[in-house]
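A structural walkthrough
One letter stands for each residue in the lines below.
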Amino acid sequence: MQWLNLGLFLLEAVVYFSVMTAFLHFRRSLGLGVFLAALGVMHFMETYLAAVFYVELPFGTVSPGSSIFFAGKLMMILMLYIKEDAATVRQPIYGLFLGNLVTVGIAQILQLHAAVTLPGGRAADMAFLDEMGWLMVWGTTILYVDAIAIILLYERLGRFVDNVVMRFAISGAIMLTFDQVAFFSVLHILLGVPLPVFFGGWYAKLLAVLIYSSLFAVYLRIDQNDRWFASSRQIKDIFHDLTFRERYQALLAKAGVDGLTGLLDRGRYEMDGPELVRKSLAMRQSISMVIVDADHFKEVNDRFGHQRGDTVLRDLAACLSRSARSSDHLSRFGGEEFVILLSDTDHEKALEVAERLRLDIAANITRPDGAPLTVSIGVSTAPEDGRTLDLILSRADERLYQAKNNGRDMVHGRYGKF
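Definitions and cut-offs
- Residues numbered from 1 in each chain as written.
- Predicted model: local features only at pLDDT ≥ 70, side-chain atom pairs only at ≥ 80, totals over all residues.
- Heavy atoms only, no water.
- UniProt positions renumbered as here; feature names shortened; annotations may be inferred.
- Helix = DSSP H or I, 4+ residues; strand = E, 2+ residues; numbered from the N terminus.
- Buried < 20%, exposed > 50% of the residue type's maximum accessible area, 1.4 Å probe, protein only.
- Pairing = 2+ DSSP bridges.
- Contact = heavy atoms within 4.5 Å.
- Axes fitted to C-alpha atoms, helices over the stretch in contact; angles between N-to-C directions.
- Core = buried A, V, L, I, M, F, W, Y, C linked by side-chain atoms within 4.5 Å.
- Salt bridge = Lys/Arg side-chain N within 4 Å of Asp/Glu carboxyl O.
- Expected span 1.5 Å × (residues − 1).
- Bend = angle between axes of the 7 residues up to and from the residue.
- Polar contact = N/O pair within 3.5 Å; in protein donor to acceptor, adjacent residues only side chain to side chain.

If you look the protein up in an unreviewed UniProt entry, it shows as diguanylate cyclase from Rhizobium wenxiniae. Listed under Catalytic activity (unreviewed entry) in UniProt, the entry text for the protein is "2 GTP = 3',3'-c-di-GMP + 2 diphosphate".

**Focus on unusual backbone geometry**
Between Ala382 and the following residue, Pro383, the backbone shows a cis peptide bond with an omega angle of 10 degrees. Residue position: Pro383 is located in the loop between β6 (375-382) and α14 (389-405). In this model, Arg284 sits at a positive phi of 60 degrees, which is unusual for a non-glycine residue. Checked against the element boundaries, Arg284 lands in the loop between α10 (266-282) and β3 (287-294). Unlike most non-glycine residues, Arg408 shows phi in positive territory, near 70 degrees. Taking relative accessible area as the criterion, Arg408 reaches 30% and is therefore assigned partly exposed.

**Structural notes on the sheet that holds β3**
Across the sheet, six strands lie side by side as β4-β5-β3-β6-β7-β8; this open sheet has mixed pairing. This sheet does not close on itself; its edge strands, each paired only once, are β4 (329-334) and β8 (416-417). The sheet strands contacting α10 are β3, β4, β5 (337-343) and β6, and the helix crosses β4 at an angle near 135 degrees. Helix-sheet contacts for α14 involve β3, β4, β5, β6 and β7 (411-413), and the interaxial angle to β6 is about 150 degrees.

**Describing the nonpolar core**
One finds Phe35, Tyr212 and Phe216 to be the most contacted residues of the largest nonpolar core, which totals 53 residues. Where this core is concerned, the elements lending two or more residues are α1 (2-25), α3 (32-52), β1 (55-57), α4 (64-83), α5 (86-110), α6 (126-157), α7 (164-191) and α8 (196-223). It is α4 that provides the largest number of residues to this core, a total of 13 residues.

**Some words on the UniProt feature "transmembrane region" (unreviewed entry) in the protein**
Sites flagged by UniProt as "transmembrane region" (unreviewed entry) map to residues 6-26, 33-55, 61-81, 93-114, 134-154, 166-190 and 202-222. Helix makes up 82% of residues 93-114 and strand 0%. Its end C-alpha atoms lie 35 Å apart. Here residues 202-222 runs as 100% helix and 0% strand, with 30 Å between its end C-alpha atoms.

**Concerning the pattern of salt bridges**
Opposite charge on two side chains allows them to pair when their charged atoms are near. For the structure on display, the rule yields 19 salt bridges. A salt bridge links Arg332 to Asp258, with the nearest nitrogen and oxygen atoms 3.2 Å apart. Residue Arg332 is located in strand β4, and its partner Asp258 is located in the loop between α9 (244-254) and α10; the two are separated by 74 residues in the primary sequence. For Glu355, the salt bridge is made with Arg358, and the minimal N-O distance between the two is 2.6 Å. One end of the pair, Glu355, and the other, Arg358, are both in helix α13 (residues 347-364), three residues apart, so they sit about a helical turn from each other. Glu355 gets classed as buried once you look at its relative accessible area, which sits at 17%. For Arg358, a relative accessible area of 14% gives the class buried.

**Here we look at α10**
Residue pairs spaced three or four apart in an α-helix point in one direction, given the helix's 3.6 residues per turn. An ideal rise of 1.5 Å per residue puts 24 Å on 17 residues; α10 measures up with 24 Å between its terminal C-alpha atoms. The sharpest bend along α10 comes to roughly 35 degrees, located at Asp272, with the proline Pro274 sitting one to four residues further on. Residues of α10 that are buried include every one of Tyr269, Asp272, Gly273, Val277, Ser280 and Leu281, and no others. For α10, the elements touching its buried residues are β3, β4, β5, β6 and α14. Its side-chain oxygen 3.1 Å from the backbone nitrogen of Gly267, Asp265 forms the N-cap of α10. Of the residues trailing α10, Arg284 is marked for its positive phi of about 60 degrees.

**Details of α13**
Along its 18 residues, α13 runs 26 Å from first to last C-alpha, staying within 8% of the 26 Å computed at 1.5 Å per residue. Within α13 the residues assigned to the buried category are His347, Ala350, Leu351, Val353, Ala354, Glu355, Leu357, Arg358 and Ile361. In this fold, the buried residues of α13 make contact with β3, α12 (306-323), β5, β6, α14 and β7. The N-terminus of α13 is capped by Asp346, whose side-chain oxygen sits 3.4 Å from the backbone nitrogen of Glu348.

**Quick look at the pairing of β5**
Burial analysis of β5 places seven of its seven residues in the buried class, the great majority of the element. Along β5, one buried face is formed by Glu337, Val339, Leu341 and Ser343 and the opposite face, lined by Phe338, Ile340 and Leu342, is buried too. In terms of strand pairing, β3 meets β5 through seven bridges, oriented antiparallel. Counted as the bridge partner of Val292 is Phe338 from β5.

As structure tokens, then:
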């Protein structure tokens, strides 16, 4: 029976981690809310199982609620941090903690009712609900500490351990050891759970970390992110310092400035662009649009990490700024795309400007692997390609994708490759 339980234990761990990883992987299309809601739904069950449901494994008495689901939740939070940032990862931690406090508060109010037992029905076990509520609050408090600590530990280990899977495993093993001590102490005091359960649960959590780390390695292979580099950032307050840039960008957004590159942002492009086109046409002057897109930029982020990718984007923005005239309108359109509106510039002149930019970028900007950064560029001009900002954007975008489809590192205009 112990070996059957072990087989089921392994199956539960694989199913839990695989499903939750799928939710995380498809967060762009499904929305991150699916992943966060799944974590929340599992929280009550894992706390309940940790309190009352135990099975015998070859190495001791174990609760799947604690060893599989709670351990899995902590490792998923670390994965969320790796894939996103601290601003995102704090959402489930704060949500669970505050939600459990509300549960305890509501349970206290409910106990003031004079409840009626329906014929054939069960009487409400309010003492159980109250007890579970406080256990959930304690469990989430530990989770809060665990989550901050595991992120800090993961970052610190980056100084000594380059392999992301190894950092993932070491961080999990250390923090789940701490978690086992903290959560078991309450179970022992409140419910009289015996000491051998502590060691069985500890062994089970270490086994779960091994399983989750192996699955994480497989996921990295699938996701083609197995060359993430260690972060060099200094960490003080994990939820303040790591989200400072987000708040800074929000402030700059109000001024129409892109927080990463210092260029005008898309909002300013959409505000200023139509008027620039209108004025040019009213003065019977041509106005051209140049869209610059860094080639294979996703590969840079995937192989070298978003921080080093951001450095490349800043270098690209600086190069574009140096080449721009005071009358040009240069903005970051989104991601690795930049848009330049060239006033009083016909199509041939715009193509020459775009080609100089392409050569200048390749000569002066390198990727983290030492290769030159190449760009694909699409060019359109009003009034020949349209008399509105949206029309010339559409034409330039079409030509940008022609450049990409024809091999990248080239300029495409009205008559094809320049």
